[in-house]
Amino acid sequence: MEKDQPRYDLLSMPPWSLFFADDITFGHKVKGGRPRMLLVYDCVTAGYRVKHEKSKADHGTALDDVITEEGLDKRPYKVTVGSDNCGSMVHLKEAALARGIDHWPLPPYVYKLNPVEGAIRHFKEMVTCTLMGAVAPGGAITEEHAPWAADYVAWMHERYSSERFQGALDKTELEFSPWRLNTGKSADIRRVVPFGTPGYAFIDPKLRAKRGAP
């Protein structure tokens, strides 16, 4: 490998063939009684997935959900998940191996091998900006809604261009978003709204009358 070259040849790797996982703990109270998250980062597409957790013991269930949602155990190529080798990651390792996904144990804080270490910092910055943009004095959104801001950031990040591929492949912005790289289809963002936007659902007039509410 030449000096200063990337550790992985990302342009030759299929989506989600090598991804990494680590946990995030909130330092404050959050809604929903789930004070931590598992962050999963695909180093090929630069896509994020987050799963809310009650404890470290949920790492296995969280990863199992990601594997199912992304069909990682059904892909026609080898898929590997890397994580630091701390004690709680044994749950993640067991879940991965049970689904036919290889597990790569890594030492803590090895940034060159484990890109999720740097991805977490960037993800936290995006979540903070998104959340603070929706917080107003006396408003409904507070720092306790950080887990939902994290969901929003992961969803939005998936559908916008990755600078890494835009320059290498000389395509338009949406052409090589993580979503496009992963699914082969362009992302549809026509109905996207800012985080914290009030939502309205249709309620049948008869039900509204029964409730006695507008």
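In what follows, the structure referred to is the one given above.
A brief structural summary. (Residues numbered from 1 in each chain as written. Predicted model: local features only at pLDDT ≥ 70, side-chain atom pairs only at ≥ 80, totals over all residues. Heavy atoms only, no water.)

### Observations concerning the pairing of strand β2 (residues 36-42)
A large share of β2 lies buried, amounting to seven of its seven residues. Where burial is concerned, the two faces of β2 agree: the one with Arg 36, Leu 38, Val 40 and Asp 42 and the one with Met 37, Leu 39 and Tyr 41 are both buried. Where strand β1 (residues 18-25) meets β2, seven bridges bridge the pair, whose relative direction is antiparallel. Looking at β2, one finds that Phe 20 is bridged to Tyr 41. Taking the residues that link successive antiparallel strands as the turn, the β2-strand β3 (residues 47-53) hairpin has four residues, and the phi of Ala 46 there is positive, at about 70 degrees. (Buried < 20%, exposed > 50% of the residue type's maximum accessible area, 1.4 Å probe, protein only. Helix = DSSP H or I, 4+ residues; strand = E, 2+ residues; numbered from the N terminus. Pairing = 2+ DSSP bridges.)

### Here's the deal with helix α2 (residues 89-98)
Among the residues making up α2, those that are buried are Met 89, Leu 92, Ala 95 and Ala 96. Buried residues along α2 cover an arc of 115 degrees about the axis, so they all sit on one side. Opposite its buried face, α2 presents the exposed residues Glu 94 and Ala 98, each directed more than 90 degrees away. Looking at the buried positions of α2, the neighbouring elements they touch are β1, β2, α1 (59-70), β4 (80-84) and β5 (102-106). Remark: Gly 100 follows α2 within two positions and exhibits a positive phi of approximately 80 degrees. (Arc of directions from axis to C-beta. Contact = heavy atoms within 4.5 Å.)

### Regarding the packing of α1 against α2
Contact pair α1 / α2: the axes reach a minimum separation of 7 Å and the direction vectors enclose 35 degrees. Both α1 and α2 take part in a crossing whose hand is right-handed. In this structure, α1 uses His 59, Gly 60, Leu 63 and Ile 67 to contact α2, whose residues at the interface are Met 89, His 91, Leu 92, Ala 95 and Ala 96. The residue makeup of the contact of α1 with α2, split by class, is six nonpolar, three polar and no charged. (Axes fitted to C-alpha atoms, helices over the stretch in contact; angles between N-to-C directions. Left-handed = near helix turned anticlockwise from the far one by under 90°. Nonpolar A, V, L, I, M, F, W, Y, C, P; charged D, E, K, R; others polar.)

### Describing the pairing of β4
Here β4 lies mainly inside the structure; five of its five residues are buried. Both faces of β4 are covered, namely the face carrying Thr 80, Gly 82 and Asp 84 and the face carrying Val 81 and Ser 83. Where β1 lies against β4, three bridges are found, and the strand directions are parallel. Residue pairing for β4: Phe 20 is matched across the bridge by Gly 82. Pairing geometry for β4 and β5, over five bridges, is parallel.

### Re the nonpolar core
Tyr 8, Leu 39, Cys 43 and Phe 123 are the most contacted members of the largest nonpolar core, which has 32 residues in total. Contributing elements (two or more residues each) for this core: β1, β2, β3, α3 (116-132) and α4 (146-158). Counting residues per element, this core draws most heavily on α3, which supplies six residues. In this structure, Tyr 8 is in contact with Met 13, Leu 18, Phe 20, Cys 43, Trp 104, Lys 112, Leu 113 and Pro 115, ignoring residues within four places of it in sequence. Counting residues in hydrophobic clusters, the runner-up holds 16 residues, among them Ala 21, Val 79, Met 89 and Leu 92. (Core = buried A, V, L, I, M, F, W, Y, C linked by side-chain atoms within 4.5 Å.)

### Considerations on the side chain of Glu 53
With respect to the helices and strands, Glu 53 occurs in strand β3. One buried charged residue, Glu 53, forms no salt bridge at all, with the nearest opposite charge on Arg 36 at 4.0 Å. Side-chain polar atoms of Glu 53 contact the side chain of His 59, separated by 2.9 Å. (Lys, Arg positive; Asp, Glu negative; His and termini not counted. Salt bridge = Lys/Arg side-chain N within 4 Å of Asp/Glu carboxyl O. Polar contact = N/O pair within 3.5 Å; in protein donor to acceptor, adjacent residues only side chain to side chain.)

### Remarks on the packing of aromatic side chains
Applying the stated criterion across every chain yields a total of six aromatic pairs. When the ring of Tyr 8 is compared with that of Phe 20, the centres are 6.3 Å apart and the planes differ by 40 degrees; the resulting orientation is tilted. On the criterion of sequence distance, the pair formed by Tyr 8 in the segment before β1 and Phe 20 in strand β1 is long-range, its members being twelve residues apart. Taking relative accessible area as the criterion, Tyr 8 reaches 16% and is therefore assigned buried. Residue class for Phe 20 comes out buried when judged on its relative accessible area of 0%. Each member of the aromatic cluster is reached from another via a ring pair, and the members are Tyr 8, Phe 20 and Trp 104. (Phe/Tyr/Trp six-rings, centres within 6.5 Å; stacked < 30°, edge-to-face > 60°.)

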